[in-house]
Each structure stands twice: as C-alpha cells, then as structure tokens.
Amino acid sequence: MKIAIDGPAGSGKSTIAKQIAKNLNITYIDTGAMYRAITLYCLNNKISENNLEMIENALKNIDLEFINNVIFINKVDVSSEIRSPLVTNNVSNYAKIVIIREFLQKKQKMIAESQSIIMDGRDIGTVVLKDADIKIFLTASVEERARRRLKDLSNEGYDVDKNLLTEEIRRRDEIDSTRTHSPLKKAKDAIEIDTSNMTIEEVISTIEDIIRRG
Ligand code: DC
C-alpha cells in the first residue's frame, strides 16, 4: 500500500501521516525533513544555494538516513536542529534546486519500493509516488496554518511573532508552488481536504475512511 499526502506548510500533514502510519502499522517518511537536512548541511558548511558545484559535491558526501522517524546526517541525529527557524527560513530556497530534488526524489522512490508506506511532502502524488493507491491533498487557510505553527514553535521553546510567521508561510507557499521543478501542486487524482475547521482526529478518520473504501 502506498499513500501520498501533500499540502502546504502547516496543513497538518506530518501529524496526520505519522498517526495513520501507526494505526496501519506501515512506514512513515517525512520528505520535508530530508530537504531540511540538506539545507542544514549546506548552512553549516557555508554552501550557498547559488553554488551548484559545491552542492553537487556536498550531495556526494551526505549520508542521509531515517531510522524510526529519527533523521541522521553522516550518523549524527539532526532531528531537532532541522526544525530551527534558520533552517525553516532557508529551506524553500534549497528545495527548488534541481540537483537536490532529483537526489532526494530518487532516494524516496527507493525507500518506497520495498514496503508499504505513507509519505508526506509537496510532490509525492505528482512525482515520487505517482502510482500511489491513495493521494490526499491537505489545505487550510494561511491564518489557521500560522496559528498551528505558532503553537508548535512555542511548545518547542521558540518565541515567534504571529504576523511575521504568517508572512513567512505565505513566502514559502509562493516559492514552493512557483518553482519550475516539481512544485507544490495537487495531483489530478488526489482528494482535497480543507482542514481549517477540522480537528486532527476528524482529518485522520476522514482519510482512514477513504483508505478503507480504497
Ligand atoms: O513540510 P516541511 O515544512 O518540513 O518542508 C520543508 C520544505 O521542504 C518546504 O518549504 C518545501 C520543501 N519540500 C519540498 O519541496 N518537497 C517535498 N516533498 C517536501 C518538502
């Protein structure tokens, strides 16, 4: 079984996909975490998004692993560092680089080949799991997504201004959906769910109903 969940930042993808994976006892892959990990590596090594030669070299030296929802770069657990505002503010600029996308898409397809999986991201239904059994596209208003992100960030100890956060989400949506290579887009055969006024439990049970109906 292959399930693709796409949507913009803050639409609830990760929380929902993680819980469904647990309920169905299948693997969950957060592809956004992979783009964040590459971004973190580039920022730490002062590799600009414009230096394609250095990025190409970096990709050869990055050993990216997912073990039980923990992400490692060259054996170092970077799961919390990839959530920092610095990475969040830069990730869309690295995620639009073709060699980075092709590198990660290849990896994601390989991971999905041998097992039942639920993957979330921006291009899962359109590119990575084009033949997924179920494709879901989650949306929510920008205001609601900002409210959710603010809550998550404050739980993680970050103090962020709500207006700034809303602008930041708008900017990321714009970069993610207008890039040339595999932009954020609803697949033709995806089912769209607007989660603005739904609880997490409601979204999960709606998707599980869709899965049951096949
Ligand atoms: O879902 P997230 O906020 O952790 O994703 C981080 C960034 O990675 C997001 O701005 C867009 C990019 N991304 C992508 O381009 N393609 C994916 N499949 C997943 C994420």
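Let us look at the structure shown here. (Residues numbered from 1 in each chain as written. Predicted model: local features only at pLDDT ≥ 70, side-chain atom pairs only at ≥ 80, totals over all residues. Heavy atoms only, no water.)

## Considerations on the packing of helix H3 (residues 52-61) against helix H5 (residues 98-113)
Then step 1. For the pair H3 and H5, the least separation of the axes is 10 Å and the interaxial angle reads 15°. Taken together, the axes of H3 and H5 lie roughly parallel to each other. Along this stretch, H3 crosses H5, giving a crossing that reads as right-handed. Judged by residue contacts, Leu52, Ile55, Glu56 and Leu59 of H3 engage Ile99, Ile100 and Phe103 from H5. (Axes fitted to C-alpha atoms, helices over the stretch in contact; angles between N-to-C directions. Helix = DSSP H or I, 4+ residues; strand = E, 2+ residues; numbered from the N terminus. Parallel < 35°, antiparallel > 145°, perpendicular 65-115°, else oblique. Left-handed = near helix turned anticlockwise from the far one by under 90°. Contact = heavy atoms within 4.5 Å.)

## Focus: the sheet that holds strand S3 (residues 64-67)
Then step 1. In space, the three strands of this open sheet follow the order S3-S4-S5, with antiparallel pairing throughout. A single partner strand is all that each edge strand has here, and the edge strands are S3 and strand S5 (76-77).
Then step 2. Alignment of strand S4 (residues 70-73) against S5, held across two bridges, turns out to be antiparallel. Bridge pairing links Phe72 to Asp77 in S5. (Pairing = 2+ DSSP bridges.)

## Focus: the side chain of Thr195
Then step 1. Mapped onto the fold, Thr195 is located in the loop between strand S8 (191-194) and helix H9 (200-213).
Then step 2. Once you skip the residues sitting within four places of it in the chain, Thr195 turns out to touch Ser11, Leu138, Thr139, Ala140, Arg148 and Val203.

## What about the pattern of salt bridges?
Then step 1. If you walk through the whole model with that rule in mind, you get 14 salt bridges.
Then step 2. Between Asp123 and Arg101 there is a salt bridge whose closest N-O contact spans 2.8 Å. One end of the pair, Asp123, is in the loop between strand S6 (117-121) and helix H6 (124-128); the other, Arg101, is in helix H5, and 22 residues separate them in sequence. Arg101 carries the same exposure label as Asp123, and that label is buried. (Salt bridge = Lys/Arg side-chain N within 4 Å of Asp/Glu carboxyl O. Buried < 20%, exposed > 50% of the residue type's maximum accessible area, 1.4 Å probe, protein only.)

## Considering the site of the ligand
Then step 1. Around the ligand, a shell composed of 17 residues is seen, among which Arg36, Arg101, Asp123, Arg172 and Arg179 lie nearest.
Then step 2. Between the ligand and the protein, one listed contact pairs an oxygen atom with a side-chain N or O atom of Arg36 at 2.7 Å.
Then step 3. Residue Arg122 places a side-chain N or O atom 2.9 Å away from an oxygen atom belonging to the ligand.
Then step 4. Calculation on the ligand without its partners gives an accessible area of 450 Å², and the protein chains cover 98% of this total.
Then step 5. When contributions to the shell around the ligand are tallied by element, the ones reaching two or more residues are helix H2 (31-44), helix H4 (85-95) and helix H8 (162-178).
Then step 6. The dominant element in the shell around the ligand, judged by the number of residues it contributes, is H2, at four residues. (Near = heavy atom within 4 Å. Polar contact = N/O pair within 3.5 Å; in protein donor to acceptor, adjacent residues only side chain to side chain. Areas by Shrake-Rupley, 256 points an atom, 1.4 Å probe, with all protein chains shown as cover.)

That's the geometry; what it means functionally is another story.
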